[in-house]
Amino acid sequence: AMAEGFSNPIVAAGVTGLHDLYAARAVTPVEATEVYLARIARLNPSLGAVTDLDISGALAGAHASAARWSANAPLSHVDGAPILVKSNIAVEGLPW
């Protein structure tokens, strides 16, 4: 597994860089999502920044995005970029 932190190319890439990695087939949205989920699992116990986490939804979305990238049909430049949503914004399936 890749080391976590900004030395990890997935974390260091940011949204724009992820697009380039996906387009080059160097990384998939599933791999990026797994890196970020592992980062949340490692850091959140001390930070308490993530209050609700939809792991299955994140992975399902990542798999769907990976299929689109594989078919050269991403929905947008940011298709497959893992995101966090602030808790004051309603998200289907999560407490609000």
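Look up: the structure comes first, before these words.
Okay, so let's go over this structure. (Residues numbered from 1 in each chain as written. Predicted model: local features only at pLDDT ≥ 70, side-chain atom pairs only at ≥ 80, totals over all residues. Heavy atoms only, no water.)

1. Brief notes about the nonpolar core
Judged by nonpolar contacts, I10, V11, L18, Y22, V27, A32, V35, W69 and A81 together constitute the single largest core of nine residues. Going through the elements one at a time, helix 1 (9-23) and helix 2 (29-47) are the ones with two or more residues in this core. Per element, the largest residue contribution to this core is four residues, and it comes from helix 1. (Core = buried A, V, L, I, M, F, W, Y, C linked by side-chain atoms within 4.5 Å. Buried < 20%, exposed > 50% of the residue type's maximum accessible area, 1.4 Å probe, protein only. Helix = DSSP H or I, 4+ residues; strand = E, 2+ residues; numbered from the N terminus.)

2. A closer look at the environment of L43
With respect to the secondary-structure elements, L43 resides in helix 2. Assessed through its relative accessible area of 26%, L43 is described here as partly exposed. For L43 and H63, which are 20 residues apart along the polypeptide, the C-alpha to C-alpha distance reads 24 Å.

3. A short note on the packing of helix 1 against helix 2
Their axes nearest at 11 Å, the elements helix 1 and helix 2 cross at an angle of 165°. In terms of orientation, helix 1 and helix 2 fall into the roughly antiparallel class. As for the relative orientation of helix 1 and helix 2, their crossing is left-handed in sense. Along the contact surface, helix 1 presents I10, V11, L18 and Y22, while helix 2 presents P29, E31, A32, V35, Y36 and R39. Here the residues of the contact of helix 1 with helix 2 sort into eight nonpolar, no polar and two charged. (Axes fitted to C-alpha atoms, helices over the stretch in contact; angles between N-to-C directions. Parallel < 35°, antiparallel > 145°, perpendicular 65-115°, else oblique. Left-handed = near helix turned anticlockwise from the far one by under 90°. Contact = heavy atoms within 4.5 Å. Nonpolar A, V, L, I, M, F, W, Y, C, P; charged D, E, K, R; others polar.)

Purely geometric stuff here, so don't read any function into it on its own.
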